[in-house]
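Residues per chain, in single letters:
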Amino acid sequence: MGSGNAIRGSRVGAGPMGEAERGEAAPRVRVSFWCANMHETRPSFASDAAIPELWDCPRCGLPAGQDENAPPAPPKNEPYKTHLAYVKERRSDKDGKAILQEALERLRNNKSPW
Ligand SMILES: [Zn+2]
């Protein structure tokens, strides 16, 4: 006993300390959004990213919100209108029906209505 050998102590604190987790995927969070058609979409965001209040529904394009029970209302003026809707808006209902009839007849004749 007492040979004088230095104690081969393990150096306290030799382990990896304070190393940032690099090279690994940043932690992500998934957030659910619901549109007015109750489509749920769950995009993932970087945990340090700002999560938007609204998200476009990938299925129908309506804005989707994070509150399942109160999805945002669809916008009233849809950006795209069919040609027929545009025509009907500009003309009387009667003219619109005549145009529709004409289109149907053209369809029957196997021609493109537009
Ligand atoms: Zn939707």
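Everything quoted here is computed from the prediction, not taken from an experiment.

K.L.:
Is there a simple way to think about the UniProt feature "binding site: Zn(2+)" (unreviewed entry) in the protein chain in this case?
P.N.:
Per the UniProt record, "binding site: Zn(2+)" (unreviewed entry) is found at Cys35, His39, Cys57 and Cys60. Separation in sequence by 26 residues is not matched in space for these annotated residues, since their most distant C-alpha atoms are only 8.5 Å apart. Looking at the element boundaries, Cys35 is found in strand S2 (residues 33-35). Sequence-distant contacts of Cys35, that is, excluding residues within four places in its chain, are made with Cys57, Cys60, Leu62, Pro63, Ala64 and Pro71. Relative to the helices and strands, His39 is located in the loop between S2 and strand S3 (40-41). Beyond its immediate stretch of four places on either side in the chain, His39 contacts Phe33, Trp34, Cys57, Arg59 and Cys60.

K.L.:
Help me understand the coordination of the zinc ion in this model?
P.N.:
Each angle at a metal carrying four tetrahedral donors should ideally be 109.5 degrees, and each at a metal carrying six octahedral donors should ideally be 90 or 180 degrees. Taken together, the protein ligands of the zinc ion are Cys35 (SG), His39 (ND1), Cys57 (SG) and Cys60 (SG), with distances of 2.1 to 2.3 Å. Each of the 4 donor atoms bound to the zinc ion contributes to angles spanning 107 to 114°, and the resulting shape is tetrahedral. Of note, the donors binding the zinc ion are all from one chain and are spaced C-x3-H-x17-C-x2-C. Of this pair, His39 sits in the loop between S2 and S3 while Cys57 sits in the loop between strand S5 (54-56) and strand S6 (63-65), and the two are 18 residues apart along the sequence. Across the pair, exposure class does not vary: His39 and Cys57 are buried alike.

Parameters at a glance
Residues take numbers from 1 onward in each chain, read along the sequence in its written order. Confidence filtering applies because this is a predicted model: local features only for residues at pLDDT of at least 70, side-chain atom pairs given and counted only at 80 or more, and all residues used for totals across whole chains, interfaces and linings. Values shown for side chains rest on all heavy atoms present in the structure; no hydrogens or waters enter the calculation. UniProt positions are given in the numbering used here, feature names are shortened, and annotations may be inferred rather than shown by experiment. In this description a helix means any DSSP run of H or I spanning at least four residues, a strand means any run of E spanning at least two, and both kinds are numbered starting from the N terminus. Contacts between residues were defined by any pair of non-hydrogen atoms, one from each residue, lying within 4.5 Å. Water is not part of the atom set, so a site may look incomplete; the donors themselves are N, O and S atoms within 2.8 Å of the metal, or 3.2 Å for Na, K and Ca. The geometry test gives tetrahedral to four donors whose angles all lie between 85 and 135 degrees, gives square planar to four donors and octahedral to six donors whose opposite members are over 155 degrees apart with all other angles between 65 and 115, and gives irregular to the rest. Exposure categories follow from relative accessible area, calculated using a 1.4 Å probe and restricted to protein chains: below 20% of the type maximum is buried, above 50% is exposed, and the middle band is partly exposed.

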